[in-house]
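A structural walkthrough
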Amino acid sequence: MSPKAAEPEALRTQILQCKAADILFEQPQDLGREELCVIDPASETYDALERASSILKKDRRPVVIPTETVYGLAAAATDSTAVEKIFTTKGRPADNPLIVHVSSRSMLASLLPPSYTIPPSYERLMKAFWPGPLTLLFPADPSKIPPIVTAGQKTVAIRMPSHPVARALISFSQTPLAAPSANSSGRPSPTKAEHVWDDLGKSAKVPLILDGGPCDVGVESTVVDGISAEDGSIRVLRPGGVTVEEMKTLLSEGLAPGESPVKVLVHKRDYQDADMEQHPTTPGMKYLHYTPSVPVVLLNLKNAQHPSAEEFEPLSEVMDDLLAKHQPRSEKLKRRKVGFLVTSDFPVTPGTHASDPEVVTFDLGPRNEPSVAAQRLFDGLLTLEKKGVDFILVEAIDEENEGLAVMNRVRKAAGDVRMVDVS
Ligand code: TXA
Ligand code: MG
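Anyway, here's the lowdown on the structure attached to this text.

Conventions used here
Residues numbered from 1 in each chain as written. Chains lettered and ligands numbered in written order. Predicted model: local features only at pLDDT ≥ 70, side-chain atom pairs only at ≥ 80, totals over all residues. Heavy atoms only, no water. Helix = DSSP H or I, 4+ residues; strand = E, 2+ residues; numbered from the N terminus. Polar contact = N/O pair within 3.5 Å; in protein donor to acceptor, adjacent residues only side chain to side chain. Contact = heavy atoms within 4.5 Å. Pairing = 2+ DSSP bridges. Axes fitted to C-alpha atoms, helices over the stretch in contact; angles between N-to-C directions. Buried < 20%, exposed > 50% of the residue type's maximum accessible area, 1.4 Å probe, protein only. Arc of directions from axis to C-beta. Phe/Tyr/Trp six-rings, centres within 6.5 Å; stacked < 30°, edge-to-face > 60°. Lys NZ or Arg CZ within 6 Å of the ring centre and 35° of its normal.

Of the consecutive residues Trp130 and Pro131, the connecting peptide bond is found in the cis state with omega at -10°. Of note, Pro131 is situated in the loop between α5 (120-129) and β7 (134-139). Even without being a glycine, Arg60 presents a positive backbone phi close to 55°. Mapped onto the secondary structure, Arg60 falls in the loop between α2 (44-59) and β4 (63-65).

Printed below as a string of structure tokens:
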């Protein structure tokens, strides 16, 4: 008997395929009524969603779901016993709150304090970007969402995912889902089912992974606080899939003469909040984030953004230095291996170097298309790590549009920053 067959059922991780084409969100004839979720009852997707729903509700365990941003580890948000298992599975500190995922506006309303009125800025943002990669903070009602989800904060983070599988599961199970990214705490977020398998599936830490294909956005949702500032400004706590530029454009449209737009401010770039920075609720502030098991080094290239004022080194010198500094991952291997996570516009071929380590390149796409870099970033870190490189060099990109979210993740992943002249 193979070792796998001998394992008890409960200790194995199942992967079930889900196809977006089997799911339809229909606008009903009656205006004002909400979209209906229709899942082809004869499809494997239906069976997979039924299985996931049963694990969520009957077994009260978390399951892995695809979203348009990254894969999530989801449990019924109203069930504190189930939510607790998210924290233990990931090794996540209890003071780091979770995002609640809803499938409809009425589900959102059911989670908010009864007397609460949604501000106009949120109405506009939701109309434009929901379903999608935008998380909004709302006042928390602990009688509806247990404090384990919010880590006892006064606010609860909520989003409506656009991935049909995520939204269909929430609708099918009629349960809002609390879901962080489906990685062990501190590691890069997974954007493919195989990333989750490597981290949580092989070791049977989760009962089920719904495979909905690679994530389109590739970085997590934008986390926005539009309720704390006295002037109603929008504070971006974590840049993500919805860009600051998109929100600014939307909020400056259709103003009355003399009316000024709601401000959109990025934490640490446009404002500081010393008090908030003490709290782990500020995404990515207190805890280690996005780090693979190999060192990551950020490369700032000499270019228009970084002209000659600072010290730049040739790439060959940086490589020699890093090869001396970082141990080979395996003593048995004769040749060193280095990962390059760089744009297709990287000015030199990374392999042409005197000390000749083996170079593995992962393409981040064209420099002027940061949405492609966003989609590929975590895949790149995880793929290069798996290929056994000794360290990963990541090219810095411009912090515009999706580039802001990309660089936010890369800076947290990188233990070292080098200024390189590759001209
Ligand atoms: O795209 C996403 O947002 C993914 C997918 C699965 O939906 N989820 C995700 O969750 O990235 P997680 O737990 O990895 O990141 C959520 C971030 C955390 O950094 C947390 O600090 C912040 O959101 N957050 C959650 N609730 C908050 C609150 N009440 N106030 C401030 N920040 C909050
Ligand atoms: Mg995460």
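There's plenty left to go through after this.
What follows covers the side chain of Arg418. Mapped onto the elements, Arg418 comes out in strand β19 (residues 416-421). At a separation of 3.3 Å, a polar atom in the side chain of Arg418 contacts the side chain of Asp416. The residues contacting Arg418, other than those within four sequence positions of it, are Val297, Leu298, Leu299, Asn300, Glu313, Val318, Asp321, Leu322 and Lys325.

Glancing now at the sheet that holds β19. Pairing between sheet strands relies on hydrogen bonds along the backbone, with the strands arranged either parallel or antiparallel. Taken in spatial order, the 6 strands of this open sheet run β15-β19-β14-β18-β16-β17, and their pairing is parallel. In this open sheet, the two edge strands, each paired with only one partner strand, are β15 (313-314) and β17 (358-363). Judged from the 4 bridges that link them, strand β16 (residues 337-342) and strand β18 (residues 391-395) form a sheet pairing that is parallel. From the neighbouring strand, Gly339 faces β18, where its bridge partner is Ile392. Sheet strands in contact with helix α11 (residues 315-325) are β14 (296-301), β15, β16, β18 and β19, and its direction is about 150° off that of β19.

Bringing helix α8 (residues 193-201) into the picture now. Among the residues of α8, those classed as buried are Ala193, His195, Val196, Asp199, Leu200 and Gly201. Down the axis of α8, the sector holding all buried residues measures 165°, keeping them to one side. Check the buried side of α8 and you find it contacts β4, α3 (80-90), β10 (208-211) and α12 (370-386).

Most of strand β5 (residues 72-76) sits out of view: 5 of its 5 residues are buried. Where β4 lies against β5, 3 bridges are found, and the strand directions are antiparallel. Looking at the pairing, Ile65 lines up with Gly72 of β5. Relative to strand β9 (residues 177-178), β5 runs antiparallel, the two being bridged by 2 bridges. Along β9, the bridge assignment pairs Ala75 with Ala178.

Before going further, it helps to spend a moment on the packing of aromatic side chains. On inspection of all chains with the given rule, the structure shows 5 aromatic pairs. Between the aromatic rings of Tyr116 and Phe138, the centroid separation amounts to 6.4 Å while the plane-to-plane angle is 90°, which identifies the pairing as edge-to-face. Of this pair, Tyr116 sits in the loop between α4 (105-111) and α5 while Phe138 is found in strand β7, placing the two residues 22 residues apart along the sequence. On the accessibility criterion, Tyr116 (23% relative accessible area) is partly exposed. Each ring, one from Tyr122 and one from Phe138, has its centre 5.2 Å from the other, and the planes form 75°; the classification is edge-to-face. Of this pair, Tyr122 sits in helix α5 while Phe138 sits in strand β7, and the two are 16 residues apart along the sequence. For the residue pair Tyr122 and Phe138, the accessibility class agrees, reading buried in each case. Here the aromatic residues Tyr116, Tyr122 and Phe138 are joined through ring pairs into a cluster of three or more. The ring centre of Phe25 lies 4.2 Å from the NZ or CZ of Arg167, which sits over that ring. Between Arg235 and the ring centre of Tyr271, over which it is positioned, the NZ or CZ distance is 4.8 Å.

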